[in-house]
Amino acid sequence: MGALMAEDDIYIGPLFDLFNLRFGPEQTDHELTAGGTSEIKALQDEFEIFQEGRPFVESAKLLGLGGLHNNRAKNRWFSLLTWLARVPSNQDGETGDECIVNALIKNFARKTPLPCFMKAHDSRGPEGLRVIVSEDKPVFYIERTYLTISLPMAPGVPPGGKGKAKKKSKK
């Protein structure tokens, strides 16, 4: 969300990538290490990282989903995730935050959880200002169903502007 991330909006893609790699399909040709959904499932089973009543942002902090390289961007990202508690979702009676947490709890309670994918949609469009959680195929070149989490975002106002570019004065 441009207004919340401000000039750090260039980090939104890499922050989504961090989630998508951490919660993505595990690699099948790895050594004896876990990764992706199998690792998150094991962590959820042992530590209940996602709990009803615990904000998603707190679980994201625990899993290091704010990145390591830019503290300002990380803090703004966590502010954006906190804001989701005030945003509706596509699930009746649930805020965006509750919808994400409940979907992750349900997903990782499955014997074989779906990989998860986080993305954004334009909140000015038909999907509107709400978090959308669904089971679909969000990546056209991967024939696999994911638990998809789509966050509402819109461009921020350019620096020094009020939504319109400043006119140059004639001298």
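Quick look at the structure, then. (Residues numbered from 1 in each chain as written. Predicted model: local features only at pLDDT ≥ 70, side-chain atom pairs only at ≥ 80, totals over all residues. Heavy atoms only, no water.)

Our focus in this paragraph is unusual backbone geometry. Located in the positive-phi region is Ala6, a residue other than glycine, with phi close to 50°. Note on placement: Ala6 falls in the loop between helix H1 (2-5) and helix H2 (12-22). For Glu48, which is not glycine, the phi torsion reads 50° and is therefore positive. Looking at where Glu48 falls in the secondary structure, it is placed in the loop between helix H3 (36-47) and helix H4 (56-62). By relative accessible area, which is 45% here, Glu48 ends up partly exposed. (Helix = DSSP H or I, 4+ residues; strand = E, 2+ residues; numbered from the N terminus. Buried < 20%, exposed > 50% of the residue type's maximum accessible area, 1.4 Å probe, protein only.)

Turning next to H2. Buried within H2 we find Ile12, Leu15, Phe16, Phe19 and Asn20. In an axial view of H2, the angular spread of the buried residues amounts to 135°, which keeps them on one side of the axis. (Arc of directions from axis to C-beta.)

What follows concerns the packing of H3 against helix H6 (residues 96-109). Where H3 contacts H6, the axes come no closer than 9 Å and their chain directions differ by 100°. Considering their axes alone, H3 and H6 lie roughly perpendicular with respect to each other. Across from Thr37, Ile40, Lys41, Gln44 and Asp45 in H3, the residues of H6 making contact are Ile105, Phe108 and Ala109. Split by residue class, the contact of H3 with H6 holds 4 nonpolar, 2 polar and 2 charged. (Axes fitted to C-alpha atoms, helices over the stretch in contact; angles between N-to-C directions. Parallel < 35°, antiparallel > 145°, perpendicular 65-115°, else oblique. Contact = heavy atoms within 4.5 Å. Nonpolar A, V, L, I, M, F, W, Y, C, P; charged D, E, K, R; others polar.)

Paired through backbone hydrogen bonds, the strands of a sheet run either parallel or antiparallel to each other. Read from one edge of the open sheet, 3 strands run E1-E3-E2, paired in mixed fashion. Strands at the two margins of the open sheet, each flanked by one partner only, are strand E1 (116-122) and strand E2 (132-136). Between one strand axis and the next, the sheet turns by 30° as a mean value, whatever way the strands run. Where E2 and strand E3 (residues 146-153) come together, 5 bridges link them in antiparallel fashion. (Pairing = 2+ DSSP bridges.)

Inspection of the secondary structure assignment puts Gln44 in helix H3. Note on Gln44: relative accessible area 9%, which makes it buried. In this structure, Gln44 is in contact with Ile49, Phe50, Ile105 and Phe108, ignoring residues within four places of it in sequence. A polar atom in the side chain of Gln44 sits 2.8 Å from the backbone nitrogen of Phe50. (Polar contact = N/O pair within 3.5 Å; in protein donor to acceptor, adjacent residues only side chain to side chain.)

Our focus in this paragraph is the nonpolar core. Of all hydrophobic cores here, the largest spans 36 residues; its most connected members are Phe23, Phe56, Trp77, Leu81, Leu104 and Leu151. Put simply, the parts of the chain that give this core at least two residues each are H2, H4, helix H5 (71-83), H6, E1 and E3. Sorting elements by how many residues they give to this core places H6 first, with 6 residues. (Core = buried A, V, L, I, M, F, W, Y, C linked by side-chain atoms within 4.5 Å.)

A few words now on H3. Here H3 spans 16 Å end to end across 12 residues, near enough to the 16 Å set by a 1.5 Å rise per residue. Three or more residues of H3 are buried, namely Gly36, Thr37, Ile40, Lys41 and Gln44. When H3 is viewed along its axis, its buried side chains cluster within an angular range of 125° and face the same direction. Across H3 from its buried face, at more than 90 degrees, point the exposed residues Asp45, Glu46 and Phe47. The elements touched by buried residues of H3 are H2, H6 and E1. (Expected span 1.5 Å × (residues − 1).)

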